[in-house]
Amino acid sequence: MGDRNVSGCPGERGIHRSILVVRRMLQQALRASSRGFPLLRWVERWAEGAAARPGASQVVKTLNDMPGPSFASVTWDLCARQGLSRLHELHMKAVKRYGPVWKASYGPLMTVHVADPALIEQVLRQEGHHPMRSELSSWKDYRKLRGHHYGLLTAEGEEWQTVRSLLGKLMLRPKAVEAYNETLNSIVSDLMAKIHHCRNPQGVVTDIASIFYSFGLEGISSVLFESRIGCLNKVVPEETQHFIESIRTVFEKTIVTMAIPSFLHWLLPKTWRAFCQRWDYIFEFAKGHIDQRLRAEAEKVARGEKVEGHYVTYFLSKTELPMKTVYSNITELLLAGIDTISSTMSWSLYELSRHPEFQASLRAEVLAVLEGRKIANAEDIARMPLLKATVKEVLRLYPIIPGNARVITEKDIEVGGYLIPKKTLITLCHFAASRDPAVFKDPDSFQPARWLTKKKSHHPYASLPFGVGKRSCIGRRIAELELYLALSRILVEYDVKPSLEGNTVKPMTRTILVPENVISLQFIER
Ligand code: HEM
């Protein structure tokens, strides 16, 4: 595909090409010199932005004009430098080298990366009625192979819209979510008992994430089944442990399996087999719980007892949806509710332990709202701005999905002055955007107060931990409530300190962003 000259005049085309070349040279020079100079970076951004504004340039560039690393260099980074787990860092390096829009190929998969908030907004505003994350997906391949239906994470088009509209009523409306308050608080009580039980004589809990995995699973199970499954018992049931490990393996193998088209799965048979076996266990585990719950309801009905409930499995099973669709949706919701909660809880306490003064201010806010009570509810949370800012800041620093994706299927779109053909995979580099010094001052430091100022200094699409729009996270409200209730209770009962002063933990990409090492913390009773 050649340059598209909007005026269509061949003479002008040559001039525009020269302007393009000069602009590109200028941008490259600026890029090289701007690393240490924010003002120059701003000028460069301005130049990019000006190019993106409608009418600013008559020439729309194509994928051929787009910069990016060679196939060999990407392969070297991924294979020889453990790049898969450093993908979020590679995005940041690429921004410095190529600017906010670049292309790269991972095996046969070519994707355009977008790392500037204004350009991320341009993509998301053109995503259409039924936004799609990715057309090619090993998650979808597995479901096709086994004859499972798609759940909300993997479904597309009308199929996705039907379930999204049904679940939105139960999971996104603030009043409906408040109904989970009591159940979630009872799980937080079990979490507190678990923390108490796992502390050593110095009060140290080793590997807090493992406790928070159980907390996440127990929380999402209660929302889905309205019953407890014992993950926070003193001894975690073996099948629960296996389920949690299966999810971890699926996330680990997702990027590799994504880079290989389905007809080439035999290329890495061991990886593909392990991936499928883990999915089999995940589906089996979820089906076991769903069947058990629905059987209990059926027995109640047989005894002439009244059956009611607002839990998600019951709600979905009463709709017209085929049972296979109910199974796959509940399975995907279970999966989505565990690592997300676990990582956010771990990072929140990690940062709070490293910022004792801020931790004290946050505790003071919680205690002031609770007025002598120990347990917060949804109404109390509304009066805790510092707590909300804490979670926002944690998710800015450690966005669960460091690079999300979109495929615009309906039309070619223009982003940052480039014409991106429809069906191109577009990677939205959220980690890079939310750590960009041109967007957030001192971007690597934990500063919840930046979310409290009335005059927002950053672009609204600079940090989008739950996504935005029609395809954004459906579990957002439940997740936030769960996090707020747990964090506020921990702060009331404990002073949280690092177990080892000066020990830092970096994030790593495992499809989602997780702590690279074990986080251990000291919980001192107050
Ligand atoms: C801190 C916690 C969480 C974070 C940061 C998070 C983040 C996200 C993000 C970034 C997306 C993709 C949005 C997009 O493509 O635009 C997403 C989708 C999704 N999340 Fe979450 N999530 C969290 C917790 C949860 C929980 C607890 C559940 C289950 C109750 C859940 C269920 C889902 C589902 C089903 C989708 C797919 C929605 C769709 O495609 O329509 N998430 N989440």
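What counts and what doesn't
Residues numbered from 1 in each chain as written. Predicted model: local features only at pLDDT ≥ 70, side-chain atom pairs only at ≥ 80, totals over all residues. Heavy atoms only, no water. UniProt positions renumbered as here; feature names shortened; annotations may be inferred. Contact = heavy atoms within 4.5 Å. Donors = N, O, S within 2.8 Å, 3.2 Å for Na, K, Ca; no water. Helix = DSSP H or I, 4+ residues; strand = E, 2+ residues; numbered from the N terminus. Phe/Tyr/Trp six-rings, centres within 6.5 Å; stacked < 30°, edge-to-face > 60°. Buried < 20%, exposed > 50% of the residue type's maximum accessible area, 1.4 Å probe, protein only. Lys NZ or Arg CZ within 6 Å of the ring centre and 35° of its normal. Polar contact = N/O pair within 3.5 Å; in protein donor to acceptor, adjacent residues only side chain to side chain.

Where an unreviewed UniProt entry is consulted, the chain appears under the name 25-hydroxyvitamin D-1 alpha hydroxylase, mitochondrial, with the organism given as Gouania willdenowi. Its UniProt record, at the heading Cofactor (unreviewed entry), says of the chain: "heme".

A.B. asks: I tried to follow the UniProt feature "binding site: heme" (unreviewed entry) in the chain on my own but got confused; where do I start?
C.D. replies: Within this numbering scheme, the UniProt entry marks Cys473 as carrying the feature "binding site: heme" (unreviewed entry). When residues no more than four places from it in sequence are discounted, the contact partners of Cys473 are Leu172 and Phe466.

A.B. asks: Teacher, can you tell me more about the coordination of the iron atom of the ligand here?
C.D. replies: For a metal with four tetrahedral donors the ideal donor-metal-donor angle is 109.5 degrees, whereas six octahedral donors ideally subtend 90 or 180 degrees. For the iron atom of the ligand, the protein contributes exactly one donor atom, Cys473 (SG), at 2.3 Å. Positionally, Cys473 belongs in the loop between helix 19 (430-434) and helix 20 (476-493).

A.B. asks: Just to check I follow, could you spell out the packing of aromatic side chains for this structure?
C.D. replies: Pairs of aromatic rings are described using the distance from one ring centre to the other and the angle between the two planes. All chains considered together, the criterion is met by 14 aromatic pairs. A ring pair is formed by Trp139 and Trp279, whose centres lie 5.0 Å apart and whose planes are at 80°; its orientation type is edge-to-face. Pair noted here: Trp139 is in helix 6 (residues 138-146) and Trp279 is in helix 12 (residues 269-302), with a separation of 140 residues, a long-range link. Note on accessibility: Trp139 and Trp279 belong to one class, buried. One cation-aromatic arrangement involves Lys61 over Tyr418; the distance from NZ or CZ to the ring centre is 4.3 Å. The aromatic ring of Trp279 is capped on one face by Arg143, whose charged end is 4.2 Å from the ring centroid.

A.B. asks: Mind showing me how you'd approach the side chain of Arg396 here?
C.D. replies: Structurally, the position occupied by Arg396 is in helix 18 (residues 385-397). Residue Arg396 is classed as buried on the basis of its relative accessible area of 0%. There is a polar contact of 3.2 Å between the side chain of Arg396 and the backbone oxygen of Ser445. Discounting chain neighbours no more than four positions away, the residues touching Arg396 are Ser434, Phe440, Pro443, Ser445, Arg450, Trp451 and Ser463.

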